[in-house]
Amino acid sequence: MLLPGGILLFFMFQRFLELKTPLLSVLADLNHDNDLTYNDWEIIAKSCDILRRFNEITIEMSSEKSVTISKTVLFSQALCNYCSKLKLEYQKLPEIKIL
């Protein structure tokens with residue numbers, strides 16, 4: 001299950017992508033340097049895609065009063081398979097540099 005901080009990160013990234021054009025316009029109007037590159041936006045978009053799956057499972061599991069162990073195992077296996085697929089798919093994703 002996705003931790004609350006992960007859920008918040010998902011919604012923050014999602015909103016950030018929705019407001020990309022207005023954000024860039026405001027930064028330009030204020031003569032503020034935009035340090036976000038194309039790769040930065042790509043990382044945000046891919047991260048949002050990844051976190052979306054975890055969010056969906058969190059919502060599904062939270063909607064029930066009690067979740068059976070078989071459903072938990074099924075969701076865990078689905079997430080492991082999804083992560084394995086992502087690992088192969090996103091090997092070419094730009095490296096994240098921490099300042």
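Whatever comes next refers back to the structure up there.
Visitor: Lay out the packing of aromatic side chains with the relevant residues and their values.
Guide: Taken as a whole, this structure holds two aromatic pairs when the rule is applied. Relative to Trp 41, the ring of Phe 16 has its centre 5.1 Å away and its plane inclined at 15°; by these criteria the two rings are stacked. Of this pair, Phe 16 sits in helix H1 (residues 4-18) while Trp 41 sits in helix H3 (residues 38-62); the two residues are 25 residues apart in sequence, bridging distant segments of the chain. Classification of Trp 41 as buried rests on a relative accessible area of 8%. Sitting above the plane of the Tyr 82 ring, Arg 53 keeps its charged end 4.0 Å from the centroid.

Visitor: Residue-level account of the packing of H3 against helix H4 (residues 69-89), with values.
Guide: Where H3 meets H4, the closest approach of the two axes is 11 Å, and the angle between their N-to-C directions is 175°. Here H3 is positioned roughly antiparallel relative to H4, judged by the angle of their axes. Contacts between H3 and H4 involve Asp 49, Ile 50, Arg 53, Phe 54, Ile 57, Glu 60 and Met 61 from the first element and Lys 71, Thr 72, Phe 75, Leu 79, Tyr 82, Cys 83 and Leu 86 from the second. Class assignment for the residues of the contact of H3 with H4 results in nine nonpolar, one polar and four charged.

Visitor: Any chance you could break down H3 for me, citing the residues and the numbers?
Guide: Along its 25 residues, H3 runs 36 Å from first to last C-alpha, staying within 8% of the 36 Å computed at 1.5 Å per residue. The complete set of buried residues in H3 reads Trp 41, Ile 43, Ile 44, Cys 48, Leu 51, Phe 54, Asn 55, Ile 57, Thr 58 and Met 61.

Visitor: Residues and numbers for the nonpolar core, please.
Guide: The biggest cluster of nonpolar side chains holds six residues, and these are Phe 10, Phe 13, Trp 41, Ile 44, Cys 48 and Leu 51. At the level of secondary structure, the elements contributing two or more residues to this core comprise H1 and H3. Here this core gets four residues from one element, more than from any other, and that element is H3. By size, the runner-up hydrophobic cluster in this structure holds five residues, among which are Phe 54, Met 61, Phe 75 and Leu 79.

Rules behind the numbers
- Residues numbered from 1 in each chain as written.
- Predicted model: local features only at pLDDT ≥ 70, side-chain atom pairs only at ≥ 80, totals over all residues.
- Heavy atoms only, no water.
- Phe/Tyr/Trp six-rings, centres within 6.5 Å; stacked < 30°, edge-to-face > 60°.
- Helix = DSSP H or I, 4+ residues; strand = E, 2+ residues; numbered from the N terminus.
- Buried < 20%, exposed > 50% of the residue type's maximum accessible area, 1.4 Å probe, protein only.
- Lys NZ or Arg CZ within 6 Å of the ring centre and 35° of its normal.
- Axes fitted to C-alpha atoms, helices over the stretch in contact; angles between N-to-C directions.
- Parallel < 35°, antiparallel > 145°, perpendicular 65-115°, else oblique.
- Contact = heavy atoms within 4.5 Å.
- Nonpolar A, V, L, I, M, F, W, Y, C, P; charged D, E, K, R; others polar.
- Expected span 1.5 Å × (residues − 1).
- Core = buried A, V, L, I, M, F, W, Y, C linked by side-chain atoms within 4.5 Å.

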